[in-house]
Every structure is written in C-alpha cells, then in structure tokens.
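Residue strings, one per chain:
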Amino acid sequence: MQIINTTAELRKAVGEAKQNKKSIGLVPTMGALHEGHLSLIRRARTENDLVVVSVFVNPIQFNNKEDLAKYPRTVEADCRLLEGAGADIAFVPSVEEMYPEPVSEVYHFGPIEEVMEGPRRPGHFSGVAVVVRRLFDLAQPDRAYFGEKDYQQIAIIRNLLEQIKYPIELVPCPIVRADDGLALSSRNMRLSPEARAIAPTIYATLCQAVEMSETDEVEDVKEFVVSSLESFHEVNPQPNDLKFEPEYFEVVDGVTLQPVDTWDGPHGVVGCIAVWLDGVRLIDMVRFR
Ligand code: PAF
C-alpha cells in the first residue's frame, strides 16, 4: 500500500490508473478506523481495481471546535488497518494540502438538510460536500463508499452528485455493530467504560421501537424512544451522573428525509437518532419499513 500525503502525488497515481483503464473505488474517512470502515474498504476491494482511502479530519465540517479538537487521530494504526483490509492507496493530506486557500464554496441541499443534523450542525453538510467534492476531483472514482450510520449524509452526497453531475456510483453500506448492538463509530472510543457499558441501550430501544411500530402510531413510538432514554438513569441508577440526553429522534421518509406520521410511505420509513452520553454525541438509525 502506498501512503500519499500530497494532492500532486495522488493525481499522478490516479492518472496512471486511468491510463491503464483501472476502475477506482474511493472510501472517504476521517480516520480512527474501525470494523465499519473496514467493511467499506473490503467491499470496495471486491468491486474495483484500485482502492483509494482518504484519512482526513475535515475541519470545515465541524461546527464545534471542541468536537474537532477531541476527534480521535490514530493515523499509524489506521495505515496498518488499511493495508490489512486491502487498500492500495492511503491518502493522508494535511489541512494546508487540502485547503491551500480559504474555502469560499457553500453548498445548499434544500429540505433534506433542514431536518435532523442540518439545523443542529450549521454548515456541517456544506463542509462535508466541499471535502467530498475535492476528494472526487482528486481520486476520480467510479464508485464511492459511505456507511449508512450517517444516513442523512448519504442523502446529501446523492444530492451533491445530482448537482455536480459526476458519473460516480454511490454505494451505501450497512451499519456494522458491536456484538452488543452499539453502532461502531470513531467517537465510541471517547466513552468511559461505564458509558460504553450502557451505550447499547440506544440500539436496543430502537429495536423495541421497530416492534412497537407493528401496533402503535408514529407519535407514540417517538415518545416511547425519547422518554425511555431520558428516564433510563432513573430506572437504572448510574455512576457519575451518567444519563442519555436524546437530541432528536425523527421518523422520516427513507429518501426525502421529511418527517412522516404514518408507517407506509413510498420510500420506506427510517428512524434516526442523536443522543448525548458522557459528553459524546452518538447517532444511529433503524429501518421501520
Ligand atoms: O463520514 C465521514 O467520516 C465524513 O463526513 C467524510 C465523508 C469522510 C467527509 O469528511
């Protein structure tokens, strides 16, 4: 595996691959790699001749300075994992390399960014779009791989591809979970052992919600999810004041991401949640239909 730090070197490697008619798979990441990322890379490996993985903590998608500062950075371990998972190129640029000039581009996505993460993380999706477009320009992939844990991000990238009209196949990949159900996330490593022990409650509650959806209305299921998480620490006393603080739980159309009030929509219905636990913001999602 080649580790590339500059855009010039990446362009050169991609240019050679293109000349040799090789297909290119791109897996954009912010590092702190886990099995979830590795599943994207293994999938890209089976579908492309050249697999490029970017490892770049993108400052312009963080609307919270503390979150950016605390974002785990484990580049050496990441490169070892990438090699094991079959990546051909690890692209690990510095901030100056990715953004030699101040960024002035802004992307708008309409209604799909006006829900869930959008209003709570102003500028986040535009920042994601800027970096993803740069990575598309540099790596010129045939396919790009994204995890479904960030369900809204996938809708944003789909919309970005429609806006910029690049012929890239977007490949959404299923969430990978720990044995106890917790969705794998780089942020999980910031949880204390006590918080990690109760974190699977989020997915367990979502699974209960899916069962409940067979008989109950959307509003009641939403209320159930939020109130069970909010009252968890009252029913199960926790050390250090640990508690779940749900930021949102939305039940939305699987494509338009607009809130729904019935279970049967043309595009399927998904539930997306963001919850604070132990100073860490965790997100997850389930499919209802
Ligand atoms: O999902 C992520 O890790 C990031 O948002 C991405 C797509 C790598 C862009 O920085």
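On a predicted model such as this, the values are computed, not experimentally measured, just so you know.

Draft legend 1. Just the overall build of the chain, in detail. Looking only at helices and strands, the chain features eleven helices and nine strands. The C-alpha radius of gyration of the chain comes to 20 Å, within 12% of the 19 Å expected for a compact globule of 289 residues. In terms of its C-alpha atoms, the chain occupies a principal-axis envelope of roughly 60 × 40 × 35 Å. Of the contacts made within the chain by residues no fewer than 6 positions apart, 73% connect residues no fewer than 24 positions apart. Accessible surface, the chain: about 13,400 Å² in total, of which carbon and sulfur atoms supply 50%. Of the side-chain charges in the chain, 29 are positive and 45 negative, and the distance between the mean point of each set is 7 Å.

Draft legend 2. Fine view of a negative patch on the surface. Side chains of E217, D220, E223, E230, E245 and D261 sit close together on the surface and give a patch of like negative charge. With respect to the element layout, D261 can be found in the loop between strand 7 (244-253) and strand 8 (269-277). Residue classification places D261 among the exposed positions, given a relative accessible area of 59%.

Draft legend 3. Just the packing of aromatic side chains, in detail. In the structure shown here, the tally under the stated rule is five aromatic pairs. Summarising the aromatic geometry, the rings of W263 and F288 are spaced 4.7 Å apart at their centres and angled 45° between planes, so their arrangement reads as tilted. With W263 in the loop between strand 7 and strand 8 and F288 in the segment after strand 9 (280-287), this pair connects stretches of sequence that are 25 residues apart. F288 shares its class with W263; the two are buried. Between the NZ or CZ atom of R177 and the centre of the ring of Y203, over which it lies, the distance is 3.4 Å.

Draft legend 4. View of the layout of surface pockets. Looking at the second largest pocket, its volume works out to about 160 Å³. Together, 15 residues line the second largest pocket, and V55, F56, V57, R73 and V75 are the ones closest to its centre. Split by residue class, the lining of the second largest pocket holds ten nonpolar, three polar and two charged.

Draft legend 5. Quick look at the sheet that holds strand 4 (residues 89-91). The parallel open sheet is built from six strands, whose spatial order is 1-4-3-2-5-6. Unpaired on one side and paired on the other, strand 1 (2-4) and strand 6 (169-173) mark the two borders of the sheet. Across the sheet, the mean angle separating the axes of adjacent strands is 25° when strand polarity is ignored. Alignment of strand 5 (residues 143-147) against strand 6, held across five bridges, turns out to be parallel.

Draft legend 6. Region of the structure containing the pairing of strand 8. The buried fraction of strand 8 is high, at eight of nine residues. Pairing between strand 8 and strand 9: eight bridges, direction antiparallel. Of the residues in strand 9, the one forming a bridge with C272 is M285. Taking the residues between adjacent antiparallel strands as the criterion, strand 8 and strand 9 are bridged by two residues, where D278 takes a positive phi near 60°.

Draft legend 7. Seen up close, empty space enclosed by the protein. By the definition in use, this model includes one cavity of 30 Å³ or more. What lines the largest cavity is K149, L182, A183, S185, N188, I202, I273, L282, I283 and D284. Grouping the amino acids of the lining of the largest cavity by side-chain chemistry returns six nonpolar, two polar and two charged.

Draft legend 8. Broad picture of the sheet that holds strand 8. Across the sheet, three strands lie side by side as 7-8-9; this open sheet has antiparallel pairing. Either end of the sheet is taken by a strand with one partner, and the two such strands are strand 7 and strand 9. The average angle at which neighbouring strand axes cross in this sheet is 15°, direction not considered. Note that strand 7 and strand 8 share nine bridges and pair antiparallel. Among the inter-strand pairings, E250 is bridged to a residue of strand 8, identified as C272. Those strands touched by helix 10 (residues 201-212) are strand 7, strand 8 and strand 9, and its axis lies near 25° from that of strand 9.

Draft legend 9. Geometry of the site of the ligand. Surrounding the ligand, one finds P28, T29, M30, N58, Q61, V131, F146 and Q153. Here Q61 contributes a side-chain N or O atom positioned 2.6 Å from an oxygen atom of the ligand. Side-chain polar atom of Q153 to an oxygen atom of the ligand: 2.7 Å apart, as the coordinates give it. Coverage of the ligand by the protein amounts to 88% of the 290 Å² it exposes when considered alone. In terms of residue class, the shell around the ligand is made up of four nonpolar, four polar and no charged.

The rules behind the values
Each residue is numbered by its place in its chain's sequence as written, counting from 1. Owing to the predicted nature of the model, reporting of local features is limited to residues with pLDDT of at least 70; listing and counting of side-chain atom pairs is limited to 80 or more, with chain, interface and lining totals taken over all residues. Water and hydrogen atoms were dropped before computing side-chain values, which therefore reflect all heavy atoms in the structure. For the purposes of this entry, the term helix denotes a DSSP run of H or I that reaches at least four residues, the term strand denotes a run of E that reaches at least two, and both are numbered from the N terminus. C-alpha atoms define the radius of gyration in this analysis, and the globule rule sets the expected value at 2.2 Å times the number of residues to the power 0.38. Note on definitions: a residue-residue contact is assigned when non-hydrogen atoms from the two residues lie within 4.5 Å. Per-residue and other accessible areas were derived by the Shrake-Rupley procedure at a 1.4 Å probe size, with only the shown protein chains allowed to occlude residues. The charged-residue count follows a simple rule in which Lys and Arg add positive charge and Asp and Glu add negative charge, with His and chain termini not counted at all. We put the charge of a Lys on NZ, of an Arg on CZ, of an Asp on CG and of a Glu on CD. Each patch is built from residues lacking any salt bridge and having more than 30% relative accessible area; the joining distance is 9 Å for like charges and 5 Å for nonpolar side chains (Val, Leu, Ile, Met, Phe, Trp, Tyr). Throughout this description, the term salt bridge denotes a Lys or Arg side-chain nitrogen within 4 Å of a carboxyl oxygen of Asp or Glu. Think of it in three bands: residues with accessible area under 20% of the maximum for their type are buried, residues over 50% are exposed, and the middle band is partly exposed, with areas taken using a 1.4 Å probe on protein chains only. Here a pair means two rings of Phe, Tyr or Trp (six-membered ring of Trp) with centres within 6.5 Å. Their orientation is stacked below 30 degrees between planes, edge-to-face above 60, and tilted elsewhere. Remark: a charge is flagged as sitting over a ring if the NZ atom of Lys or the CZ atom of Arg is within 6 Å of the ring centre and within 35 degrees of the ring normal. Space inside and on the surface of the protein is sampled on a 1 Å grid over the protein atoms alone, with a cavity defined as a set of points where a 1.4 Å probe fits but cannot get out and a pocket as an open set with protein on both sides within 12 Å along at least 5 of 7 lines; lining residues have an atom within 4 Å of a point. Grid points are joined across faces, edges and corners, and a volume is the space filled by probe spheres set on the points. For this classification, Asp, Glu, Lys and Arg are treated as charged, while Ala, Val, Leu, Ile, Met, Phe, Trp, Tyr, Cys and Pro are nonpolar and the rest, including Gly, are polar. Here the rule is simple: two strands pair whenever DSSP picks up at least two bridges between them. Whenever a helix is involved, its axis is fitted only over the stretch in contact; in every case the axis is a line through C-alpha atoms, and angles between N-to-C directions fall within 0 to 180 degrees. Definition of nearness: a residue and a molecule or strand are near each other if at least one heavy atom of the residue lies within 4 Å of the molecule or strand. Here a polar contact is taken to be a pair of N or O atoms separated by no more than 3.5 Å, where protein atoms must pair a possible hydrogen donor with a possible acceptor and residues adjacent in sequence count only if both atoms sit in side chains.

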